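# Chain and residue survey
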Amino acid sequence: MRGLTEAGLKTLAGARSFERALGYLDAVSGVEVGDGWVTASVHGTERYEVELTLDGPGGLSGVCGCPYGLEGNFCKHLVALGLSVLAQRESLPRQKKAARERAQDLDGWLSALSKDELLALLREQVDEDRQLGRRLELRAASARGDLTAVRSRIRDLLDIGPFAQYGYVEYADARAYADQAGQAVSAIGALTGTGRAADAITLAREAMRLLAEAAESVDDSDGWLGQIGADLADAHLDACRAARPHPEELARWLVGHVLDDVDDGLTDIDPLDYEDVLGEEGMAVLRTLAVEAWQGNRRGWAEKYLMERLAKAGGDVDAVIAVHAADLSPNGHTHLVIARELDAARRPDEALDWAERGIRDARELSAVDTALVDYLCDRYAQAGRLADAVTMRRDHFGARRSLLAYQQLGAAARAADC
């Protein structure tokens, strides 16, 4: 409940909706409290179902069935529910306990039903809830080992069509789409759990591509698809650990996934997470491919990221420096990054050399990264080279005549007593 505050509600809704919500406090009914969520009905022009999510990827958020809420806004009904929850904070433990007891009672009743009674009840629910039917169809296909049917259902679950207006999923529908996409991830995980991890790997990779394509047409302001992408990456890793694919094939796929960046970081796969699956053979292939890719494009972001990750994991500071040194920025920022890497490796003299080189290599001192100037002056001061610090500050002020640069020059001069 720490994320739920009056100030937070007012920020999300705006002052006008917050004030209007004060007149709806008595219209909130049927409050149910769970772990991280609260639901209720709010009676306005009509009866609206309202849900607050307290610990979602984007922090406090909510959905409401009113027209304003369906447009993706944090409406007065959501504020009214939030304020009602805050007003009855002391009774929340009791409400959560009551909800658990109701769930236990339901479980007890279901457990007492016969097989035929359960089947009749389930068929009744499937007839009323098509989404439930689709989920069960997917499970049935998985149990039969029907990969074609499972693939088809996963494609359906990742299709934005049912949620999109004019080809785009608006903010109000993004969570519903994410919930459906999550069912596809669960199905892939179920394949691994039933001994079909190799199929799970294939489908996980297809799902990554489909989710990336869908994400381009979804307003994912709250980060729901980011969470689905992370879960999908975990499902792929679990499947690889279970199926143990050929190390070279896996290494090639991982490098290709990072370099192609087909999902724009949505799944955020780190090849080093697969080290236990790759083994020595796979890691050797991974390093070779990473070096080849980097040598072919030393300025590529993905190539540099992959090389830097591998170098740091191996504790090879010189390799990390080589990656950065291959693409030095003209304002000295990359020199500063290298200097800090060398400081962390306890090689201060080399760090200072790189920082000074950053100043020398800068095309114009007025455009140099001020953090590099600050770093150098701090190092000079630590070494007792106060005159050098004054010279650096004076030259920087001469190139960039700002109040801050003048004040820093003054401070350096006082410290050097000149």
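The structure we're discussing is the one just above.
The structure contained in this document is the topic of the report that follows. Here the structure is a predicted model, which means the values were calculated and not measured.

Let's shift gears to the pattern of salt bridges. Overall, the coordinates contain 22 salt bridges when judged by the stated rule. We note a salt bridge from Lys312 to Glu341, for which the minimum N-O separation is 3.1 Å. Taken together, the residues span a long stretch of sequence, with Lys312 in helix α14 (residues 301-313) and Glu341 in helix α16 (residues 333-344) at a distance of 29 residues. Lys312 sits in the partly exposed class, given a relative accessible area of 43%. Here Arg385 makes a salt bridge to Asp388, at a shortest N to O gap of 2.7 Å. Using a relative accessible area of 31% as the deciding quantity, one classes Arg385 as partly exposed. Among the residues examined, Asp388 registers a relative accessible area of 31% and is labelled partly exposed.

Now for the environment of Ala415. By secondary structure assignment, the location of Ala415 is in helix α20 (residues 403-415). Judged by relative accessible area, which is 51%, Ala415 ranks as exposed. In the structure, Ala415 is positioned 34 residues away from Ala381 in sequence and 8.8 Å away in space, judged by C-alpha atoms.

Two numbers describe how helix α17 (residues 348-361) lies on helix α18 (residues 370-382): the axes approach to 10 Å, and their chain directions differ by 135 degrees. Viewed along their axes, α17 and α18 adopt a mutual orientation that is oblique. Remark: the crossing between α17 and α18 carries left-handed chirality. The residues of α18 that touch α17, namely those facing Pro348, Ala351, Leu352, Ala355, Glu356, Gly358 and Ile359, are Leu372, Val373, Tyr375, Leu376, Arg379 and Tyr380. Taken together, the residues of the contact of α17 with α18 break down into ten nonpolar, one polar and two charged.

Here we come to the environment of Glu292. As for its position among the elements, Glu292 is in helix α13 (residues 275-296). As a C-alpha pair, Glu292 and Leu191 span 101 residues in sequence and 35 Å in three-dimensional space.

All right, on to the packing of aromatic side chains then. Applying the stated criterion to the full structure yields three aromatic pairs. Centroid distance Phe163 to Tyr177: 5.8 Å. Interplanar angle 75 degrees. Geometry classified as edge-to-face. Of this pair, Phe163 sits in the loop between α8 (147-157) and α9 (171-193) while Tyr177 sits in helix α9, and the two are 14 residues apart along the sequence. Centroid distance Phe397 to Tyr406: 5.5 Å. Interplanar angle 55 degrees. Geometry classified as tilted. The class of Phe397 is buried, set by a relative accessible area of 18%. The lysine or arginine in question, Arg298, covers the ring of Trp294, its NZ or CZ lying 4.3 Å from the ring centre. In this arrangement the basic side chain of Arg401 is found over the ring face of Phe397, its NZ or CZ atom lying 5.2 Å from the centre.

A few words now on the pairing of strand β1 (residues 28-33). Strand direction decides the pairing type here: β1 and strand β2 (residues 37-43), joined by four bridges, are antiparallel. Paired with Val28 across the strands is Val42, a residue of β2.

Another point: the nonpolar core. Among the nonpolar cores identified, the biggest contains 59 residues, and Leu158, Tyr177 and Ile188 are the most heavily contacted of them. At the level of elements, α7 (130-144), α8, α9, α10 (197-215), α11 (224-243), α12 (247-260), α13 and α14 are the ones that each hand at least two residues to this core. Broken down by element, the residue count for this core peaks at ten residues, all from α10. Once you skip the residues sitting within four places of it in the chain, Tyr177 turns out to touch Leu157, Leu158, Asp159, Ile160, Phe163, Leu211, Ala214, Val218 and Leu225. Counting 30 residues, the second-largest nonpolar core is a separate cluster that includes Ala13, Ala21, Leu60 and Val79.

The rules behind each value
- Along each chain, residue indices are assigned from 1 in the same order as the chain's sequence is written.
- Owing to the predicted nature of the model, reporting of local features is limited to residues with pLDDT of at least 70; listing and counting of side-chain atom pairs is limited to 80 or more, with chain, interface and lining totals taken over all residues.
- Side-chain numbers come from the whole structure's heavy atoms, not from hydrogens or water.
- A side-chain nitrogen of Lys or Arg and a carboxyl oxygen of Asp or Glu constitute a salt bridge if their distance falls within 4 Å.
- A helix here means a DSSP run of H or I that spans at least four residues, while a strand means a run of E at least two residues long, and both kinds are numbered starting from the N terminus.
- Relative accessibility under 20% of the residue-type maximum defines a buried residue, over 50% an exposed one, and the middle range a partly exposed one, all with a 1.4 Å probe and only protein chains included.
- To obtain each axis, a line is fitted to C-alpha atoms, and for helices this fit is confined to the stretch in contact; angles are then taken between N-to-C directions over 0 to 180 degrees.
- Reported orientations rely on four angle classes, namely roughly parallel under 35 degrees, roughly antiparallel over 145, roughly perpendicular from 65 to 115, and oblique for the rest.
- Throughout, a crossing is termed right-handed when the near helix is turned clockwise from the far one, and left-handed when it is turned anticlockwise from it by less than a right angle.
- In what follows, residue pairs with any heavy atoms lying within 4.5 Å of each other are defined as contacts.
- Following the grouping adopted for this structure description, the nonpolar residues are Ala, Val, Leu, Ile, Met, Phe, Trp, Tyr, Cys and Pro, the charged ones are Asp, Glu, Lys and Arg, and the polar ones are all others, Gly among them.
- Only the six-membered ring of Trp is used, alongside the rings of Phe and Tyr, when aromatic pairs are assigned; centres must lie within 6.5 Å, and planes under 30 degrees apart are stacked while those over 60 apart are edge-to-face, with the rest tilted.
- Geometrically, a charge over a ring is one whose NZ (Lys) or CZ (Arg) sits within 6 Å of the ring centre while staying within 35 degrees of the ring normal.
- Each pair of strands is called paired provided DSSP finds at least two bridges between the two strands.
- What we call a nonpolar core is a set of buried Ala, Val, Leu, Ile, Met, Phe, Trp, Tyr and Cys residues that are connected through their side-chain atoms within 4.5 Å.

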